[in-house]
Amino acid sequence: MKATRTLLVLGLLFFLAALVALFRVIAGGSGLLWVGLALLGLSVASLAFSAWRLHTRVDFDRIGDEQKLWRSGSLGRLWLRRRGRG
C-alpha cells in the first residue's frame, strides 16, 4: 500500500508541475512546452499504474478469514463452497 500511495502522490506532483509548465508556456515561455507535455505523460502513467495496483491488490485479511472458515469445519467449508470461494 505504501508504494501505491507513493505513486499516487508522485503522479499528483507531476501533474501539478505540468500545469505550472504549461501555464508558463501560455504566458509566453516557449521552451517549457515539451517539459510540460512530458510531465503530463509521466503523471498519467504513474496515476494509471497506481490505480492498476490498487485494483489488483491481494486482500490478505479476506484470505485469512476464508482460511479460518475452511479450518472451522464442515459448515464453514459448505458456506465457502456456496459462495464460490472454496
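Figured I'd write up the structure that's included with this text. (Residues numbered from 1 in each chain as written. Predicted model: local features only at pLDDT ≥ 70, side-chain atom pairs only at ≥ 80, totals over all residues. Heavy atoms only, no water.)

### Thoughts on the packing of helix 1 (residues 2-26) against helix 2 (residues 33-55)
Link 1 in the chain: Across the interface, helix 1 lies against helix 2 with an axial gap of 7 Å and an inter-helix angle of 160 degrees. Classed by the angle they form, the pair helix 1 and helix 2 counts as roughly antiparallel. By crossing handedness, the relation of helix 1 to helix 2 is classed as left-handed.
Link 2 in the chain: For the contact of helix 1 with helix 2, the residue count by class is 20 nonpolar, six polar and one charged. (Axes fitted to C-alpha atoms, helices over the stretch in contact; angles between N-to-C directions. Helix = DSSP H or I, 4+ residues; strand = E, 2+ residues; numbered from the N terminus. Parallel < 35°, antiparallel > 145°, perpendicular 65-115°, else oblique. Left-handed = near helix turned anticlockwise from the far one by under 90°. Nonpolar A, V, L, I, M, F, W, Y, C, P; charged D, E, K, R; others polar.)

### A closer look at the packing of helix 3 (residues 60-72) against helix 4 (residues 74-82)
Link 1 in the chain: Between helix 3 and helix 4, the shortest axis-to-axis distance is 5 Å and the interhelical angle comes to 130 degrees. Comparing the axis directions of helix 3 and helix 4 gives the class oblique. Residues Glu 66, Leu 69, Trp 70 and Ser 72 of helix 3 form the contact with helix 4, whose own contacting residues are Gly 76, Arg 77, Trp 79, Leu 80 and Arg 81.
Link 2 in the chain: Residue composition of the contact of helix 3 with helix 4, by class: four nonpolar, two polar and three charged. (Contact = heavy atoms within 4.5 Å.)

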